[in-house]
Amino acid sequence: QVQLVESGGGLVQPGGSLRLSCTASGTNFRINVMAWYRQAPGKQRELVASIFANGGTNYENSVKGRFTISRDNAQNAVYLQMNDLKPEDTAVYYCKQVLPPLNVWGQGTQVTVSS
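These numbers come from a predicted model, not from an experiment.

For this particular structure, what's the right way to read the side chain of Thr90?
Tracing the chain through its elements places Thr90 in the loop between strand E8 (77–82) and strand E9 (91–99). Within the structure, Thr90 has its side chain in polar contact with the backbone oxygen of Pro87 (distance 2.9 Å). Of note is the side chain of Thr90, whose polar atom sits 2.9 Å from the backbone nitrogen of Val113. Excluding residues that lie within four positions of it along the chain, Thr90 makes contacts with Ala40, Gln110, Val111, Thr112 and Val113.

Any chance you could explain the sheet that holds strand E5 (residues 46–51) here in plain terms?
Pairing between sheet strands relies on hydrogen bonds along the backbone, with the strands arranged either parallel or antiparallel. A sheet is described by the order of its strands in space; here six strands give the open sequence E2-E10-E9-E4-E5-E6, paired in mixed fashion. Here the strands that pair on one side only, and so sit at the sheet edges, are strand E2 (10–12) and strand E6 (57–59). With strand direction ignored, the average angle separating the axes of adjacent strands in the sheet is 25 degrees. Bridge analysis of strand E4 (residues 33–39) against E9 gives seven bridges, and the strand direction is antiparallel. Counterpart to Met34 in the pairing with E9 is Gln97.

Help me out: how do you make sense of unusual backbone geometry in this one?
Most peptide bonds adopt trans geometry, and most residues besides glycine take a negative phi value. Residue Pro100 is bonded to the preceding Leu99 through a cis peptide linkage, with omega at -15 degrees. Topologically, Pro100 is positioned in the loop between E9 and strand E10 (109–113). Even without a glycine there, the phi angle at Asn76 is positive, about 50 degrees. For Asn76, the position within the fold is in the loop between strand E7 (67–72) and E8. Although it is not a glycine, Asp84 adopts a positive phi angle of roughly 50 degrees. Looking at where Asp84 falls in the secondary structure, it is placed in the loop between E8 and E9.

Cut-offs and rules
- Residues numbered from 1 in each chain as written.
- Predicted model: local features only at pLDDT ≥ 70, side-chain atom pairs only at ≥ 80, totals over all residues.
- Heavy atoms only, no water.
- Helix = DSSP H or I, 4+ residues; strand = E, 2+ residues; numbered from the N terminus.
- Polar contact = N/O pair within 3.5 Å; in protein donor to acceptor, adjacent residues only side chain to side chain.
- Contact = heavy atoms within 4.5 Å.
- Pairing = 2+ DSSP bridges.
- Axes fitted to C-alpha atoms, helices over the stretch in contact; angles between N-to-C directions.

On their own, these measurements won't tell you what the molecule is for.
Structure follows, in structure tokens:
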């Protein structure tokens, strides 16, 4: 069974930075196309960023230029460097494999951006 564990969230002031980590485990499981999602209170979970196996990336417009998704295949891990954080970035952040589709979520990690 595949397990995903997110970490690295916390409370930061606007303009601050955080680096989120997602580690995957499971017999013979290797991450493929991975993504970060976030869910703010009372809102739908939304796609934030994705990364292909070859390292190519896509970003939601509101985070483009501020967030960077990366991966370490040897560690079965994906990361999200978040800079210039804004209050509207406040959410629980989750990682997920999107291709091949795999409906597995971790516990998420809370990011709160507030003065």
